Amino acid sequence: MIRYYSKTSIGYSHIRENKVCQDYSCSYHDDERTIVTTCDGHGGKVYFRSHLGSKFASSATMSVLCRFDDSLLDKLCREDVLGKLKLEILCEWNALVERDIAQNPFSDEETSALSEDELFRLKTSPMMAYGTTLHGIMALSGRLYCVSLGDGGMFAIKNGTIEEVFKDSDDDPVANVTYSMCQENAYDHFKAEILDLNGIDGAVICTDGTINPYRNIDNFNRSFVTPIISHLSKGEYLAVDDFMVKLGTEIGIGDDVSLGLIIKDESRNNEV
Amino acid sequence: MMQDRMLGEGIARQELNLLFVIDNSGSMEGEKLGAVNNAIRDVMSIMPEIQEDTSDATIKISALKFSDKAEWIYSEPQNVEDFKWKDLSAEGGTNLSGAYDELSKWLTKRSNGGMMPDIGGVAPIIILMTDGLPTSYDWEKHLESLKKKGWFKVALKYALAIQIDTDEAMDVLNKFTGNPETVLKVYTAEALRKVINVIAVTASKVKSNSASMGVGAGAVNGNALAQNEIASKLDEVEDVEW
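1. Topic: the pairing of strand β5 (residues 122-130) of chain B
Side-chain direction in a regular strand flips from residue to residue, so the side chains alternate between the two faces of the sheet.
All names here are of chain B.
Then, number 1: With nine of its nine residues buried, β5 lies for the most part within the structure.
Then, number 2: As judged from the six bridges shared by β5 and strand β6 (residues 156-162), these two strands associate in the parallel manner. Counted as the bridge partner of I125 is L156 from β6.

2. Some thoughts on the sheet that holds strand β2 (residues 23-29) of chain A
Residues and elements named next belong to chain A.
Then, number 1: Reading across from one edge, β2-β3-β4-β5-β8 is the order of the five strands in this open sheet, with antiparallel pairing throughout. Two strands close off the open sheet at either side, each with one partner strand: β2 and β8 (191-196). On average, adjacent strands in this sheet sit at an angle of 10° to one another, irrespective of strand direction.
Then, number 2: Note that strand β4 (residues 134-140) and strand β5 (residues 143-149) share seven bridges and pair antiparallel. Bridge pairing in β5 links G136 to V147.
Then, number 3: Each of β2, β3 (33-40), β4 and β5 touches helix α2 (residues 50-66); the most contacted strand, β3, lies at about 160° to it.

3. Considerations on the nonpolar core
Then, number 1: In terms of nonpolar packing, the biggest core is built from 69 residues, with V21(B), I127(B), L160(B), L192(B) and I196(B) touching the most fellow members.
Then, number 2: Ranked by the residues each element gives to this core, the list is headed by helix α6 (residues 189-209) of chain B, at ten residues.
Then, number 3: In this structure V21(B) touches L64(B), A99(B), L103(B), I126(B), I127(B) and L128(B), once residues within four positions along its chain are discounted.
Then, number 4: Counting residues in hydrophobic clusters, the runner-up holds 68 residues, among them I35(A), I205(A), F220(A) and L261(A).

4. Thoughts on the interface of chain A and chain B
The accessible area lost on association of the parts is a frequent measure of interface size.
Then, number 1: At the interface, 39 residues of chain A touch 38 residues of chain B.
Then, number 2: Of all the secondary-structure elements, those providing two or more residues to the side of chain A that touches chain B are α8 (208-211), α9 (217-233) and α10 (237-251) of chain A.
Then, number 3: The element best represented in the side of chain A that touches chain B is α9(A), accounting for seven residues.
Then, number 4: Tallied by class, residues from the side of chain A that touches chain B come to 16 nonpolar, 16 polar and seven charged.

What counts, and where the lines are drawn
- Residues numbered from 1 in each chain as written.
- Chains lettered and ligands numbered in written order.
- Predicted model: local features only at pLDDT ≥ 70, side-chain atom pairs only at ≥ 80, totals over all residues.
- Buried ≥ 20, exposed ≤ 12 C-beta atoms within 10 Å, placed from the backbone.
- Helix = DSSP H or I, 4+ residues; strand = E, 2+ residues; numbered from the N terminus.
- Pairing = 2+ DSSP bridges.
- Axes fitted to C-alpha atoms, helices over the stretch in contact; angles between N-to-C directions.
- Contact = placed C-beta atoms within 7 Å.
- Core = buried A, V, L, I, M, F, W, Y, C linked by C-beta atoms within 7 Å.
- Nonpolar A, V, L, I, M, F, W, Y, C, P; charged D, E, K, R; others polar.

Structure, rendered in structure tokens:
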């Protein structure tokens, strides 16, 4: 059986500054597939609709993965399937953003705090207002489909250890600089992979607010992922909910926090 | 066997690194290096207060000296209270290539042998001080490799040109910071002491208090804020030009 979990909580710096939560996460489960997403809308003032951008990124990923037909892997090569997934998610996100702008044009109130330079950038690329990262995983027919754009974390879980699905290099962006759905070359930085679920116990995804307080991957696994899985496998999902709220509002680094998790559970017959 | 941990354990504040890169070649002998030594001691006497006032980040201090070769004063970044300054003495050439190589290694993730956190962290502050042209002819090649590092790209970089005024020397420093507004010509020992103090203290204060601001694509936490505040404070210092 598959267990799954997703949760977002606002961070204390956003509460302090009277800002909305810019993270968004969601989950979906039916007889054949399980999907979770975590998205982190950017916090700079030019990204003033990033709370919608992250919601649209989750929604786009959900709808593309929900209608994904895995028999495509019999017809197309793996790289083409992954390319198609990335392209469809980006197109869907762009369509949602364009529709929102058409229905709710930017108001003077939203843009009044922007500098001339920022206004120019926004005019050239209105998508910028919705800037967000995206992580999504789907368990389907013994495979785990992974899509990722921007910072945060995505790890495969195996025998109590975790391993990055996509390894960052020392040349990649760091310190709150991230690749984004709103970039013109978003496709170039969008990563996708298919893992064999038989070789792993599951996967965890999160936004940077969740992982950054842990400084290194081993500590993140031992102090966060392992205890979370332990709680979830005992059905104590309210304890995990409570901890996520505490991590955002009290003990973390002040940023919004999101977590998504899919784990195989051979011993139990119910899902979280 | 590793012990199980409870939720809530293992959480740490973000790390803010402040790094001094100091030319201690023969030409720095006398009042120039004396001013650097005094300035860093001044800065370190103020740092505990800054650390106490911030809840967002732990400030870590490092120093790299370079003459014929580049050498770290401490092998690891130090907490504010553990960093004790020992006066540098001047000798040898100006091997900027060696300094860039060491900096490049330092700006690598800990899991890859460097000093930057694997996860999270605040863009570091790097202050380079020199009084002349590099004696290592291939410094540009070493700078190109340094510039590829993600942590170098986001760092708040200042360069202090100590009593030098040639276009060629300024070009070396402009290429390091990538921004002429953060390259300062300093003409006297007293001005040098004040400038180091203003940059190190102001940048640490502003950046450590903005460590929890999420900013997103293309922006860097607190760098612009720190730069503005430093510029306004430097207006009051004489014998400095930028």
